[in-house]
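# Descriptive analysis of the structure
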Amino acid sequence: MIVLVVVLLVLWLIAAVIGFAFKGLVWLAIVGIVLFVGTAVIAFVRRKALRR
């Protein structure tokens, strides 16, 4: 599970960097950032729930 989350976070980060690198792909950067934050929050919440 952790490996999947890390892979997703890396993919979203790469998408955001590519989006900022090319002016026409700013929408990709926004989507990448939103997905990165969403994945990180979900992983944090699930990890905290598993500890209980």
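Keep in mind the model is a prediction, meaning the values are calculated, not measured. (Residues numbered from 1 in each chain as written. Predicted model: local features only at pLDDT ≥ 70, side-chain atom pairs only at ≥ 80, totals over all residues. Heavy atoms only, no water.)

Here we come to the overall build of the protein. Counting secondary structure elements, the protein contains two helices and zero strands. Rg of the C-alpha trace for the protein: 13 Å, well past the compact-globule value of 10 Å for 52 residues, more than 25% over. Principal axes of the C-alpha set define a box for the protein whose edges measure 45 × 15 × 10 Å. The proportion of buried residues among the 52 residues of the protein is 15%. (Helix = DSSP H or I, 4+ residues; strand = E, 2+ residues; numbered from the N terminus. Rg over C-alpha atoms; globule rule 2.2 N^0.38 Å. Buried < 20%, exposed > 50% of the residue type's maximum accessible area, 1.4 Å probe, protein only.)

For helix α1 (residues 2-21), with 20 residues, the first-to-last C-alpha span of 29 Å sits near the 28 Å given by 1.5 Å per residue. By the burial criterion, the buried members of α1 are Val-5, Leu-9, Ala-15, Ala-16 and Gly-19. For α1, the angular spread of buried residues about the axis comes to 125°, placing them on one side. Exposed side chains of α1 directed beyond 90 degrees from the buried face belong to Val-3, Val-17 and Ala-21. Where the residues of α1 are buried, they touch α2 (26-51). (Expected span 1.5 Å × (residues − 1). Arc of directions from axis to C-beta. Contact = heavy atoms within 4.5 Å.)

To continue, consider α2. If you check α2, its first and last C-alpha atoms are 38 Å apart, about what 26 residues at 1.5 Å a residue would give, namely 38 Å. Looking at α2, one finds that the buried residues are Ala-29, Gly-32 and Thr-39. As for α2, its buried residues are in contact with α1.

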